[in-house]
Amino acid sequence: MKEATRKLILGKKFYSVYRRIRFLRYKKNLIKQEKNHKKPESKSEENGKVQPEKKTRPSFFYRIYRMYRITRFLRYRRKTIRNQRITKKKIERQFARDQKRDIRKQLRNLKRKERSIYSAQYFRPASKKSEKISLKRRIYRVNRIIRFLRHRKKTRRIEKLARIKWQRLATQMERREIQERLKEKRLTDRKLERHKTKEEKLTTRNESKEIRERLKEKRLTDRRLERNRARQEKLERKVNIHNRKRLIRQLFKSRLRSIIYELKSFDIFSLKRWRSGILAFAENRDKRNSFFIITFNSTVLFILSYLVIYIISQALTIITALSFDYKTILFYYKIYYNIDSYQWTADSVKIIYSMKPAVGIVLGIIFIILYSVRRDTPGNTKIFYLWGFIHGMVMFFGSLLMGTMLNKDFGWVIAYMYYRDTGKMIFSIISIFSLVIIGSFVAKSFLVSGNSYFNFINRQENKFLLASQVIWPAIIGTFLLIIVSSPNESYFMPDDEFVYKILKFLSIFVLLIPTMVTFRTYNEIYFDEAPRKIRLSWKLLLLTLIILLSFRFGLQSGIQFG
């Protein structure tokens, strides 16, 4: 590129800067050349070998810095050119304004001169000498008038064009001013909106903080109140439990004392008193008949519920034994496993011997749920569910109690878990306590089950219901079940197993003793006014007899499985 074109492109100022940079680079190169000439010869030159000079290339960072400097220079040049253009436009605008002003002044002066000339020529008084004007003079005068009119028309047109241009410039300036004002207004509006949003955010934050603090205070107060209520409720419960325990102890002690006193003071008068009570009961025909009917119905339901749970548990036990490929023989009193002793494993013993108690507790829970559904309805089915719940609990906790004590049936499971004597003792204590607790809670359910026979129950009928629906059916039913389940041959069931089975049957009285104690503590209960009749349920009796006889005589010789 030539220097002249470069000078035109860059301008005077930037061209001088460019020339200065070139001069400094040239000077720097000269200094480098002088230094290179003064350097001593290298070892290779001393040995007679001449090495070629290495070309020094600028580093990568230096090249980036150089590009950065060039871009800065180009930006600066662009900025200066823009500023020059803006200043040039401003100068041109100012020059146009000054020109317009000068043109207006000149036009005004011309108008004034023309008016003065026109008035001097055409409106001054005519002299006597110029009365007679020649034709040429007249033509010249007309010509002058026409030229004046043309000139005036032209000047007016120029004035009009100048006025239009000036109006356009004024409108453009007004538009620019309006745009600038609008920009300023927008900026101010944005600032105001930002300020308002900031203030709103601050207000919302402060409000949210206040609300959070209030909610925290409310939660703390609610927690304190809940804690105080919980403490008061706990204290009230403790007091109620303590008072209830005291009442139960007092009642139990008073009854024990009365029983002991009656046993100590047993004589002819006590026999006469008992005889008079039995005679009074025998003479009261309606009460006697209702007592026998209720006892009979409850005994039938007691035996039926036991048979249902026992048959289901035996069936599930046989299925689990078949899963281990064990041959079994089902008798009415036992499942005999027709295998050798070495075929037993720890897993098979745990699963097979724990199946029957597990089924008993599961069915007992199902029966108590069904009883709670049928609790308020009259009928004998809820008594069946209640006896089923008791048999299920006795099947689990009674077998746990007697099995740990005699090391039979469910006791084999605990033995294969490798518990010592202390562990077995703990299991037996837990089973006794659980039976006592279940018996104390079942007492009210037996009392409510009296709505199948009575409209209301007072203190006298309370004792009558306890004897007829709980005590005598349990005694008669356990006695009948022991007789029915007694084996014909002692080969399949030795004497110690038979004793274990009798004790498991009798463990039901561990559950029924607390029911008898707590049964009399309840007050009168009113059910409804619907009429009820105490009738003997022949259908349940026939169903129980069919199941019992088929179970007893059908499984006498045994059924083999596997």
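Rules used in this analysis
- Residues numbered from 1 in each chain as written.
- Predicted model: local features only at pLDDT ≥ 70, side-chain atom pairs only at ≥ 80, totals over all residues.
- Heavy atoms only, no water.
- Helix = DSSP H or I, 4+ residues; strand = E, 2+ residues; numbered from the N terminus.
- Expected span 1.5 Å × (residues − 1).
- Buried < 20%, exposed > 50% of the residue type's maximum accessible area, 1.4 Å probe, protein only.
- pLDDT = per-residue confidence, 0-100.
- Contact = heavy atoms within 4.5 Å.
- Pairing = 2+ DSSP bridges.
- Axes fitted to C-alpha atoms, helices over the stretch in contact; angles between N-to-C directions.
- Patch = residues over 30% accessible without salt bridge, like charges linked within 9 Å, V, L, I, M, F, W, Y side chains within 5 Å.
- Areas by Shrake-Rupley, 256 points an atom, 1.4 Å probe, with all protein chains shown as cover.
- Salt bridge = Lys/Arg side-chain N within 4 Å of Asp/Glu carboxyl O.
- Lys, Arg positive; Asp, Glu negative; His and termini not counted.
- Charge placed at Lys NZ, Arg CZ, Asp CG, Glu CD.
- Parallel < 35°, antiparallel > 145°, perpendicular 65-115°, else oblique.
- Left-handed = near helix turned anticlockwise from the far one by under 90°.
- 1 Å grid on protein atoms, 1.4 Å probe; cavity = no way out; pocket = protein on both sides within 12 Å on 5 of 7 lines; lining within 4 Å.
- Points joined across faces, edges and corners; volume = space filled by probe spheres on them.
- Nonpolar A, V, L, I, M, F, W, Y, C, P; charged D, E, K, R; others polar.
- Core = buried A, V, L, I, M, F, W, Y, C linked by side-chain atoms within 4.5 Å.

Undergrad: What am I meant to see in helix H13 (residues 508-519) here?
TA: In an α-helix, one full turn covers 3.6 residues, which means residues spaced three or four apart are oriented alike. Here H13 spans 16 Å end to end across 12 residues, near enough to the 16 Å set by a 1.5 Å rise per residue. Those residues of H13 that fall on the buried side of the exposure criterion are Ile508, Leu511, Leu512, Pro514, Thr515, Val517, Thr518 and Phe519.

Undergrad: Just to check I follow, could you spell out unusual backbone geometry for this structure?
TA: For residues besides glycine, phi is generally negative; the peptide bonds are generally trans as well. Of note in this structure, Asp325 is not a glycine but carries a positive phi near 65°. Mapped onto the elements of the fold, Asp325 is located in the loop between helix H6 (285-323) and strand S1 (328-330). The exposure class assigned to Asp325 is exposed, which follows from its relative accessible area of 70%.

Undergrad: Teacher, can you tell me more about the confidence of the model for the protein here?
TA: Fine structural detail should not be taken from predicted coordinates in areas where pLDDT scores are low. Per-residue pLDDT for the protein has a mean of 79; in total, 84% of the residues score no lower than 70. Here residues 39-54 is a poorly scored stretch, pLDDT under 50, and it has three contacts once near neighbours within four places are set aside; other chains count. This stretch, residues 123-131, has a pLDDT under 50; its non-local contacts, to residues over four places away or in other chains, come to two contacts.

Undergrad: Even after reading the chapter, I still don't get the sheet that holds strand S2 (residues 335-337), so can you show me in this structure?
TA: The strands that make up a sheet are held in pairs by hydrogen bonds between backbone atoms, and each pair lies either parallel or antiparallel. Read from one edge to the other, the open sheet built from three strands follows the order S2-S1-S5, with strand pairing classed as antiparallel. Unpaired on one side and paired on the other, S2 and strand S5 (559-561) mark the two borders of the sheet. Shown here is a sheet whose adjacent strand axes are inclined to one another by a mean of 25°, direction ignored. Summarising the sheet, S1 and S5 pair through three bridges and their orientation is antiparallel. Within the sheet, the bridge partner assigned to Ile329 lies in S5 and is Gln560.

Undergrad: Looking at this model, I keep getting lost on a negative patch on the surface. Mind explaining?
TA: A surface patch of like charges, here negative, comprises Glu174, Glu177, Glu180 and Glu184. Considering the arrangement of structural elements, one finds Glu184 in helix H4 (residues 135-264). A relative accessible area of 52% means that Glu184 is categorised as exposed.

Undergrad: In this structure, what is going on with the packing of helix H7 (residues 346-373) against helix H8 (residues 381-406)? I would like to understand it.
TA: The relative placement of two packed helices comes down to the angle between their axes together with the axis-to-axis distance. Where H7 contacts H8, the axes come no closer than 7 Å and their chain directions differ by 155°. Our classification of the angle between H7 and H8 gives roughly antiparallel. The crossing of H7 and H8 is left-handed. Contact residues: H7 offers Lys356, Pro357, Ala358, Gly360, Ile361, Gly364, Ile365, Phe367, Ile368, Leu370 and Tyr371, while H8 offers Lys382, Phe384, Tyr385, Leu386, Gly388, Phe389, Gly392, Met393, Met395, Phe396 and Ser399.

Undergrad: Teacher, can you tell me more about empty space enclosed by the protein here?
TA: A probe as big as a water molecule, rolled over the atoms, marks out the empty space that is left. Taken as a whole, this structure holds two cavities of 30 Å³ or more when the rule is applied. Surrounding the largest cavity, Phe302, Tyr306, Tyr310, Lys356, His391, Val394, Met395, Thr478, Leu481, Lys504, Phe505 and Ile508 form its lining. For the lining of the largest cavity, the secondary-structure elements that each account for two or more residues are H6, H8, helix H11 (459-484) and helix H12 (495-506). Here the residues of the lining of the largest cavity sort into eight nonpolar, two polar and two charged. In this structure, the second largest cavity encloses a volume near 70 Å³. Considering the residues around the second largest cavity, the lining is formed by Tyr306, Leu307, Tyr310, Tyr332, Leu481, Val484, Ser485, Lys501, Leu548 and Phe551. Contributions of two or more residues to the lining of the second largest cavity are made by H6, H11 and helix H14 (538-554). The element best represented in the lining of the second largest cavity is H6, accounting for three residues.

Undergrad: Looking at this structure, how should I read the nonpolar core?
TA: Nonpolar side chains in soluble globular proteins tend to end up buried together. Counting 72 residues, the largest nonpolar core has Trp387, Ile390, Phe446 and Leu511 as the members making the most contacts within it. Dropping the residues within four chain positions of it, Phe446 is found in contact with Leu386, Trp387, Ile390, Leu465, Gln469, Val470 and Phe519.

Undergrad: Please explain the pattern of salt bridges as it appears in this structure.
TA: Should their charged atoms come close, side chains of opposite charge can pair. According to the stated counting rule, one finds two salt bridges in the structure shown. Across the salt bridge formed by Asp98 and Arg101, the nearest N and O atoms sit 3.8 Å from each other. Residue Asp98 and its partner Arg101 are both found in helix H3 (residues 60-122); the two are separated by three residues, about one turn of the helix. Close ionic contact of Lys334 with Glu497 constitutes a salt bridge, the shortest N to O distance being 2.9 Å.

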